[in-house]
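Observations on chain architecture
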Amino acid sequence: MITTKRAMPTKTEKSFSLLFIFLLALEIITSSFKHLQIFNYIAKPALLISLILFFWKQSSHLEKKIKLLIVLALICSLLGDILLMFTNHSAYFFMGGLLAFLTAHIFYVLVFLKQRNKSKKGWVFMGLMLVYGILLFYFLRDGLNNLLYPVIIYMIVILSMATTAFLRQGQVAKNSYILVFVGAILFMISDSILALNKFYQPLPFTDFSIMFTYGFAQLFIVLGLLKQP
């Protein structure tokens, strides 16, 4: 049974959330204005580095295997962030970033599976995820070319990540479930916007929308997982 103290946001969590939001705003600003983009090479990695350090300090109560998987997911996300900053130099950086985030999602899936409610089937939600994936693929398919199969695999994994986050319902504390589930959906939205912008057509305000949803996705997932004893 989770304690009320852990269920409620702690002073440390509130303080870090404000710091994280500041770093996220800094990342969005430095990536949105050309004359500030040099500073984005610092601002973007700082976001996940801060989250990794925060999680490491606050996660002593978690099972060691769970803690390791979460840290690996965050490190892979950090690597993905760094690689995607250099996609203008070579397509290999995009492939590397795709692989890094694919691995991060797999680690998150493993964490969520360990906390799943075995009595919860979730067929309706899985059906919704399948429909969402098919619709997204419909818009992306003509622009994928040689990335067709890697993107299909990535889509399957991230839809699985959202599904396994949903399947934690009833097995974990309510606030942990809500935070992680909302974070997983935001992660899926962020990746969808990125994919549509790259493979379908350029979208307005993508620097903001991708990082806003991604940043809060990672923050909510970490805060939610920390709510588990």
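All of the points below concern the structure found in this document. (Residues numbered from 1 in each chain as written. Predicted model: local features only at pLDDT ≥ 70, side-chain atom pairs only at ≥ 80, totals over all residues. Heavy atoms only, no water.)

1. Observations concerning the overall build of the protein
Along the backbone of the protein there are 9 helices and 0 strands. Helices (α) and strands (β) of the protein occur, in sequence order from the N terminus, as α-α-α-α-α-α-α-α-α. Relative to a compact globule of 229 residues, whose C-alpha radius of gyration would be 17 Å, the protein shows 17 Å and is just as compact. For the protein, the spread of C-alpha atoms along the three principal axes comes to 50 × 40 × 25 Å. Put simply, the protein has 229 residues, and 49% of those count as buried. Long-range contacts, defined as pairs at least 24 residues apart, comprise 75% of the intrachain contacts of the protein with a sequence gap of at least 6. As displayed, the protein has an accessible area near 12300 Å², and 71% of this comes from carbon and sulfur atoms. (Helix = DSSP H or I, 4+ residues; strand = E, 2+ residues; numbered from the N terminus. Rg over C-alpha atoms; globule rule 2.2 N^0.38 Å. Buried < 20%, exposed > 50% of the residue type's maximum accessible area, 1.4 Å probe, protein only. Contact = heavy atoms within 4.5 Å. Areas by Shrake-Rupley, 256 points an atom, 1.4 Å probe, with all protein chains shown as cover.)

2. Observations regarding a nonpolar patch on the surface
Together, Leu19, Phe22 and Leu26 make up a nonpolar patch on the protein surface, roughly 280 Å² of accessible area in all. The residue Leu19 is located in helix H2 (residues 11-32) in this model. Taking the relative accessible area as the measure of exposure, Leu19 reaches 42% and is therefore partly exposed. (Patch = residues over 30% accessible without salt bridge, like charges linked within 9 Å, V, L, I, M, F, W, Y side chains within 5 Å. Salt bridge = Lys/Arg side-chain N within 4 Å of Asp/Glu carboxyl O.)

3. Some remarks on the pattern of salt bridges
Inspection of every chain in the model, using the stated rule, returns 1 salt bridge. The shortest N-O distance in the salt bridge between Glu13 and Lys227 comes to 2.8 Å. With a gap of 214 residues between them, Glu13 in helix H2 and Lys227 in the segment after helix H9 (206-226) connect regions that are remote in the sequence. Here Glu13 matches Lys227 in class, with each residue buried.

4. Quick look at the nonpolar core
Ranked by internal contacts, the top residues of the largest apolar core, which has 69 residues, are Leu74, Tyr108, Phe112 and Leu140. Of all the secondary-structure elements, those providing two or more residues to this core are H2, helix H3 (37-58), helix H4 (64-84), helix H5 (91-114), helix H6 (123-144), helix H7 (148-166), helix H8 (174-200) and H9. When near neighbours in sequence (up to four residues on either side) are disregarded, Leu74 contacts Leu48, Leu51, Ile52, Phe55, Tyr108, Gln218 and Val222. (Core = buried A, V, L, I, M, F, W, Y, C linked by side-chain atoms within 4.5 Å.)

5. Topic: unusual backbone geometry
Although it is not a glycine, Asn145 adopts a positive phi angle of roughly 50°. Its location among the elements puts Asn145 in the loop between H6 and H7. Here Asn145 falls in the exposed class, since its relative accessible area comes to 62%. If you check the backbone angles, Phe205 has positive phi at about 60° while not being a glycine. Position of Phe205 among the secondary structure elements: in the loop between H8 and H9.

6. Examining the environment of Arg141
Note on placement: Arg141 falls in helix H6. Residue classification places Arg141 among the partly exposed positions, given a relative accessible area of 35%. A polar atom in the side chain of Arg141 sits 2.3 Å from the backbone oxygen of Tyr138. (Polar contact = N/O pair within 3.5 Å; in protein donor to acceptor, adjacent residues only side chain to side chain.)

Worth remembering: the numbers are spatial, not functional.
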